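Chain by chain, the residues:
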Amino acid sequence: MRATTIHAPFDMRVEDVPDPVIQDSTDVVLRVLRACICGSDLWAYRGESARQPGQRIGHEFLGIVEAAGSDVTGFAAGDLVVAPFMWSDGTCEYCAEGLQTSCPHGGFWGSVGSDGGQGEAVRVPFADGTLVKLPADAASDDHLLTALLALSDVLGTGHHAALGAGVKPGSTVAVVGDGAVGLCGVLAAKRLGAERIIALGRHTARTDIARAFGATDVVAERGEAAEAAVRELTGGQGAHGVIEAVGTEQSMRTALAITRDGGSIGYVGVPHGSGTGLDLSVMFDRNIALRGGVAPVRAYIPELLPDVLAGTIDPSPVFDLTVDLDGVPAGYKSMDDRTALKVLVKP
């Protein structure tokens, strides 16, 4: 089969690699119908996250089961399924608690020795604990397939951030970051009943999506100017909940500065340079909570899936550029150049 591999910073290739096969009785082999490029993939692309030459990449995908191991009970050939961005066994204590990202038998697509989602097919370990079945007729609905793909990561990650921020009906929420995750955080906050949603972002195409997703206000300033703008919008108090979807020192400082006393920050931006962005004494004095981390999206898919199928929420606008497999290297460059928000891949 053909799959995307990374060889060095800015050196992405689509190459012939061995076809995936059933290795364990709990595996399935899945033919990829939709995949995408994640903002976190760019850290490997830029050389800021180490990869071995030729390593696979991509962790967001959905597709059709081609073959199932003898101990797989929930899936059969022909089933349409979505994969969360990590696999998990579905039987350990962490999985039972809804924290599949800490499963001791779990793993991340594209890790050394595993298939990546940006290819034609994937071997899925622990299929019964990992995959979620989708309605078969969705396979023929291009728009719906794109919306369902967001369940593999960005929609669930935005939901995780909103939960961490303590979003509840009537609350005021601020969202730091206008990437796909931040925009899905806006969508999640609206779904959870936030009355006012302040989106921080400078790119009109992205803030237009934020408004469509439910943002009531947009703050284009950065740093102290952004902090002052949010304070002015909230009567000097700040937001009850703040979604941090960037992961830099500056974004964490901004998030802390615009949180109301007694409020919460839900952080899901993959940390890069944010080690000194928080002052615990300020958090202590102002009773600010910090919750978040790697989103256990497998736990959230059953809750979010019905709303996507019903069209109650539609995350598909975050995909603003579509490529085939040969176009994936150019897709990385487009996202790195910020000429694309999130690239959809149709193998």
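Please read all numbers here as calculations on a predicted model, not as lab measurements. Residue numbers run consecutively from 1 along every chain, following the written order of its sequence. The predicted origin of the model limits local features to residues at a pLDDT of at least 70 and limits the giving and counting of side-chain atom pairs to 80 or more, whereas totals for whole chains, interfaces and linings rest on all residues. To obtain the side-chain values, all non-hydrogen atoms of the structure were used and water was disregarded.

Caption draft 1: Up close: the sheet that holds strand β12 (residues 196-200). Here a strand pair is declared whenever DSSP counts at least two bridges between the two strands. Counting from the N terminus, the helices are DSSP H or I runs at least four residues long and the strands are E runs at least two residues long. Strand order in the open sheet formed by 6 strands is β13-β12-β11-β14-β15-β16, and the pairing between neighbours is parallel. Strand pairing shows two members of the sheet lacking a second neighbour, β13 (217-219) and β16 (289-292), which therefore form its edges. Neighbour to neighbour, the strand axes of the sheet diverge by 20 degrees on average, direction disregarded. Bridge count for strand β14 (residues 239-244) against strand β15 (residues 259-267) is 5 bridges, and the pairing is parallel. Its bridge partner lying in β15, Gly241 is registered against Ser264. To obtain an axis, a line is fitted to C-alpha atoms, over the contacting stretch when the element is a helix, and the angle between two such axes runs from 0 to 180 degrees between their N-to-C directions.

Caption draft 2: Structural view of the environment of Gly238. Tracing the chain through its elements places Gly238 in the loop between α8 (223-233) and β14. Assessed through its relative accessible area of 5%, Gly238 is described here as buried. Sequence spacing of Gly238 and Val173 is 65 residues, and the spatial spacing of their C-alpha atoms is 8.9 Å. Beyond its immediate chain neighbours, meaning those up to four positions away, Gly238 contacts Arg231, Ile258, Thr259 and Arg260. Accessible area is worked out with a 1.4 Å probe on protein chains only. A residue is then buried under 20% of its type maximum, exposed over 50%, and partly exposed in between. We call two residues in contact whenever any of their non-hydrogen atoms come within 4.5 Å of each other.

Caption draft 3: Fine view of the packing of helix α6 (residues 180-191) against helix α7 (residues 204-213). Where α6 contacts α7, the two axes come as close as 8 Å, and the packing angle between them is 15 degrees. Comparing their axes, α7 and α6 come out roughly parallel. Handedness of the α6/α7 crossing: right-handed. Along the contact surface, α6 presents Leu183, Val186, Leu187 and Lys190, while α7 presents Arg206, Ile209, Ala210 and Phe213. In this classification, the charged set is Asp, Glu, Lys and Arg, the nonpolar set is Ala, Val, Leu, Ile, Met, Phe, Trp, Tyr, Cys and Pro, and all remaining amino acids, among them Gly, are polar. Residue composition of the contact of α6 with α7, by class: 6 nonpolar, no polar and 2 charged. Orientation is classified from the angle alone, with under 35 degrees giving roughly parallel, over 145 giving roughly antiparallel, 65 to 115 giving roughly perpendicular, and any other angle giving oblique. Take the far helix as your reference; a near helix turned counterclockwise from it by less than a right angle gives a left-handed crossing, and one turned clockwise gives a right-handed crossing.

Caption draft 4: Structural context of the packing of helix α5 (residues 154-164) against helix α11 (residues 297-310). As a packed pair, α5 and α11 sit with axes 9 Å apart at the nearest point and diverge in direction by 105 degrees. With respect to their mutual orientation, α5 and α11 come out roughly perpendicular. Note on element contacts: α11 touches α5 through Val297, Tyr300, Glu303, Leu304 and Val308, opposite Leu155, Gly156, Thr157, His159, His160 and Leu163. Partitioning the contact of α5 with α11 into residue classes produces 6 nonpolar, 4 polar and 1 charged.

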